[in-house]
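Structural description and commentary
Listed below are the residues making up each chain.
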Amino acid sequence: MRRHLPSTQALACFEAAARHESYTRASQELALTQSAVSRQILALEEQLGVQLFRRTRHGVVLTPAGRHYGQQVARWLQGLERDTLDVMAHQGHGGAISLAAVATFATRWLIPRLPLLAARHPEIVVHIETQTRPFLFTDTAFDAALYAGTPEQVANWPGVQAQLLMQEDVVPVCSPRLLETAAQQLGMPRGTGRAHQGLPPPALARLPLLQQSTRPYGWRQWFDAMGVSDAPRALEGPRYELFSMTAAAAAHGLGIALMPPMLIEAEIARGELVVACPRPLRGERGYYLVSPAQPQPPVLAAFAGWLQDMAVAGPLA
């Protein structure tokens with residue numbers, strides 16, 4: 001059966017003209033004559049049977065169909081260019097993965113481990129872009145996604161397969177100075193080497209709490225799980241949208257935060273944050289590698305296996 005594939009030249013001309021809404025600027029960008037660009041777009045319109053531009057006295061304007069098609073073509077050409085550069089860079093060996101990921105998890109957990117990926121699979125390159133919500137893989141150039149969500153949310157993501165990497169446990173953390181000051185105020189003896197052993201759950205209920213705006217009842221759930229009914233500040237305190245903001249606020253002594261330990265490994269290693277109470281709470285969300293519901297290409301399968309090993313290995317040494 002004959003495939004309806006326009007020429008790459010026609011698509012390149014259309015994409016440039018659509019982006020500028022100008023044949024003249026498209027011709028300058030592509031080093032072609034204006035008439036050549038016009039002929040390519042007319043041929044494309046005839047092949048599609050759809051008018052992409054409306055001609056006016058002052059130039060051209062995209063039709064609604066042209067605007068939509070232009071977005072799809074731009075995405076396709078970008079993906080084709082990226083894949084071409086990857087093949088040129090690797091001379092046909094290995095491959096690249098275009099990964100959508102939640103920003104904090106990518107920055108704080110994945111990227112610090114990528115040197116280990118390079119050591120095991122030097123032939124794999126990972127491109128990362130921020131994406132927080134489910135999407136249709138057929139509408140994007142992504143090969144996979146690192147997604148944070150509940151099992152129900154993952155189950156409602158159509159046309160995908162999901163690999164659970166880890167659950168999002170949370171634990172109270174704060175600056176060492178805040179923990180030491182709180183212990184002194186409570187009259188708890190804190191000898192040398194004991195300053196970071198943590199406080200009992202009821203003691204945290206009297207301290208300033210930092211709130212995660214995406215988890216508005218996080219502290220209430222933690223206190224309930226710890227059997228603390230008297231927690232007047234459970235819903236009070238400054239709210240921050242990102243875990244990275246909450247971690248920074250806690251490190252600067254503004255209060256106690258509920259944080260997934262996997263996202264604050266660096267702060268804990270540097271001593272900027274300590275565990276205020278060693279009583280974690282299993283969160284509702286988990287971190288998943290999500291990919292289209294079909295056999296994974298070898299490069300993605302190798303990446304998925306490495307990810308699972310990293311999740312099992314725990315914190316970086």
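Residues numbered from 1 in each chain as written. Predicted model: local features only at pLDDT ≥ 70, side-chain atom pairs only at ≥ 80, totals over all residues. Heavy atoms only, no water.

Bringing the overall build of the protein chain into the picture now. The helix and strand tally for the protein chain stands at 12 helices and 11 strands. Its C-alpha radius of gyration of 26 Å places the protein chain more than 25% over the 20 Å reference for a compact globule of 317 residues. Once the C-alpha set of the protein chain is aligned to its principal axes, its extents read approximately 85 × 45 × 35 Å. Counting every position in the protein chain, which comprises 317 residues, the buried fraction comes to 42%. In the protein chain, once contacts between residues fewer than 6 apart in sequence are set aside, the share between residues at least 24 apart is 73%. For the protein chain, the accessible area works out to roughly 17100 Å², and carbon and sulfur atoms hold 56% of it. (Helix = DSSP H or I, 4+ residues; strand = E, 2+ residues; numbered from the N terminus. Rg over C-alpha atoms; globule rule 2.2 N^0.38 Å. Buried < 20%, exposed > 50% of the residue type's maximum accessible area, 1.4 Å probe, protein only. Contact = heavy atoms within 4.5 Å. Areas by Shrake-Rupley, 256 points an atom, 1.4 Å probe, with all protein chains shown as cover.)

Turning our eyes to something else, we now look at the side chain of Glu-45. Within the secondary structure, Glu-45 sits in helix H3 (residues 34-48). Residue class for Glu-45 comes out buried when judged on its relative accessible area of 9%. Of the polar contacts made by the side chain of Glu-45, one reaches the backbone nitrogen of Phe-53; its length is 3.2 Å. Other than its neighbours up to four places away in sequence, Glu-45 contacts Val-50, Gln-51, Leu-52, Phe-53 and Arg-55. (Polar contact = N/O pair within 3.5 Å; in protein donor to acceptor, adjacent residues only side chain to side chain.)

What the rule picks out here adds up to 14 aromatic pairs. With centroids separated by 5.8 Å and ring planes inclined at 75°, the aromatic side chains of Phe-14 and Phe-53 adopt a geometry described as edge-to-face. Note that Phe-14 is positioned in helix H1 (residues 8-20) and Phe-53 in strand S1 (residues 53-56), a separation of 39 residues in sequence. Taken as a pair, Phe-14 and Phe-53 share a single burial class, namely buried. An aromatic cluster is present here, built from Phe-135, Phe-137, Phe-142, Tyr-147 and Trp-157 joined pairwise through their rings. (Phe/Tyr/Trp six-rings, centres within 6.5 Å; stacked < 30°, edge-to-face > 60°.)

Look at Glu-21: it is not a glycine, yet its phi comes out positive at around 50°. Tracing the sequence through the fold places Glu-21 in the loop between H1 and helix H2 (23-30).

Here the focus is helix H9 (residues 218-225). What H9 keeps buried is the set Gly-218, Trp-219, Trp-222 and Phe-223. Considered in projection along H9, the buried side chains sweep an arc of 125° and stay on one side of the axis. Those residues of H9 that are buried are in contact with strand S6 (160-174), helix H8 (201-204), strand S7 (211-212), strand S9 (257-259) and strand S11 (281-292). Once H9 ends, the next one or two residues include Gly-227, with phi positive near 75°. (Arc of directions from axis to C-beta.)

As enumerated under the stated definition, the model contains 13 salt bridges in all. The closest approach of N and O atoms between Arg-113 and Glu-265, which form a salt bridge, is 2.9 Å. Here Glu-265 lies in helix H11 (residues 265-270) and Arg-113 lies in helix H5 (residues 103-120), a separation of 152 residues in the sequence. In this structure, Glu-272 and Arg-270 form a salt bridge, with 2.8 Å as the shortest nitrogen-oxygen distance. A residue is classified by how much of its surface remains accessible, and Arg-270, at 53% relative accessible area, is exposed. The network of salt bridges with common partners includes Glu-15, Arg-19 and Glu-29. (Salt bridge = Lys/Arg side-chain N within 4 Å of Asp/Glu carboxyl O.)

As a further point, take the pairing of S11. Pairing geometry for strand S5 (residues 144-149) and S11, over five bridges, is antiparallel. Its bridge partner lying in S11, Ala-145 is registered against Val-290. Here nine bridges tie S6 to S11, and the two strands are oriented antiparallel to one another. Pairing of Gln-163 across the sheet is with Leu-289, part of S11. (Pairing = 2+ DSSP bridges.)

Moving on, we come to the confidence of the model for the protein chain. Mean pLDDT over the protein chain stands at 89; residues scoring 70 or higher make up 94%. Throughout residues 191-195 the model reports pLDDT below 50, and contacts reaching past four residues in sequence, or to other chains, amount to three contacts. (pLDDT = per-residue confidence, 0-100.)

This brings us to the state of the cysteines. Overall, the coordinates contain zero disulfides when judged by the stated rule. With no disulfide of its own, Cys-174 lies closest to Cys-277 among cysteine sulfurs, the gap being 10 Å. Classification of Cys-174 as buried rests on a relative accessible area of 1%. (Disulfide = S-S within 2.5 Å.)

Let's shift gears to the environment of Val-154. Position of Val-154 among the secondary structure elements: in helix H6 (residues 151-155). Here the alpha-carbon distance between Val-154 and Gly-283, two residues 129 residues apart in the chain, equals 15 Å.

Right, let's get into the pairing of S1. Where S1 meets strand S2 (residues 59-62), four bridges bridge the pair, whose relative direction is antiparallel. Bridge assignment links Arg-55 to a residue of S2, and that residue is Val-60. The turn linking S1 back onto S2 is made up of two residues.

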